[in-house]
Each structure stands twice: as C-alpha cells, then as structure tokens.
Amino acid sequence: MTAMTFAATPSPASASITPFGCGATYAKLYNGSQVVWQNHCSSTGNQYSVPNLWATKLVANGWSGAVYGTDNRIFYFCYFQTITVNDYVRQVFLNPTKPARCG
C-alpha cells in the first residue's frame, strides 16, 4: 500500500473581514446629525481613545465592537446596527473579526 499525499489548496480570505486591517466602511459616532468620530481600521490594540465626545448614536456599518461611555457604561454593537448612546464617549473598540455574540 502506498501513502498518498495531498497538497493543500489555499482558499481566498473573506473580503468582508480582514483581521487587523481596514474596511471600506466607517464606524461613526454622531452628535445629532453631525459625525464627531469615525474610523475604518482595526489595529493591534483595536481601541481608540475618544476625548469625551458627546455622542447620541453609533452607526456600525460593517463593524462590530463596543463603545465605552462614562461611569463604565458599555454599548455593544454588531454589523450594520445603529445604537443609541446618549453619553460622553471615552473609548471605542473595533473587533478585528466577527465576535460570537454577533451570531
């Protein structure tokens, strides 16, 4: 009996999720209708300090993550959600890959 060997065939990575990279869409914090913060990249730390900006909502677009407000309030979001914040934001976390909580 001869041993069979198989060469691994690489498959292309998903175009929608790139760990530690940038996407085509931006996660955005709004105060009313004005954009006060936006980003479209995840980095090694994935956390972005925001200088206590008042935000009424976050539009996730193609991102998931968390918004950290005052008094240790955390607002979690998943792809394409719009969430109400109504708090001063001190930090935003963008996930580099899809978290389990986002199904």
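Residues numbered from 1 in each chain as written. Predicted model: local features only at pLDDT ≥ 70, side-chain atom pairs only at ≥ 80, totals over all residues. Heavy atoms only, no water.

Take the environment of Phe93 next. Mapping Phe93 onto the fold places it in strand S6 (residues 82-94). The class of Phe93 is buried, set by a relative accessible area of 18%. In sequence terms Phe93 and Ser64 are 29 residues apart; their C-alpha atoms lie 8.4 Å from each other. (Helix = DSSP H or I, 4+ residues; strand = E, 2+ residues; numbered from the N terminus. Buried < 20%, exposed > 50% of the residue type's maximum accessible area, 1.4 Å probe, protein only.)

Further remarks concern the pairing of strand S1 (residues 22-31). The side chains of a regular strand alternate, residue by residue, between the two faces of the sheet. Bridging between S1 and strand S2 (residues 34-41) involves 6 bridges; their strand directions are antiparallel. Among the inter-strand pairings, Cys22 is bridged to a residue of S2, identified as Cys41. Between the antiparallel neighbours S1 and S2 lie 2 residues, among them Gly32 with a positive phi of about 70°. One ladder, built from 3 bridges, connects S1 with strand S3 (residues 47-59); its direction is antiparallel. Its bridge partner being in S3, Tyr30 is matched across the sheet by Lys57. (Pairing = 2+ DSSP bridges.)

On to the state of the cysteines, then. Evaluated as defined, the whole model comprises 2 disulfides. Disulfide partner of Cys22: Cys41, at an S-S distance of 1.9 Å. In this structure, the disulfide formed by Cys22 and Cys41 twists by about 100° around the S-S bond and is classed as right-handed. Of this pair, Cys22 sits in strand S1 while Cys41 sits in strand S2, and the two are 19 residues apart along the sequence. Its relative accessible area of 47% is what places Cys22 among the partly exposed residues. For Cys41, a relative accessible area of 18% puts it in the buried group. Across the chain, the disulfide pattern expressed with sequentially numbered bonded cysteines is 1-2, 3-4. (Disulfide = S-S within 2.5 Å.)

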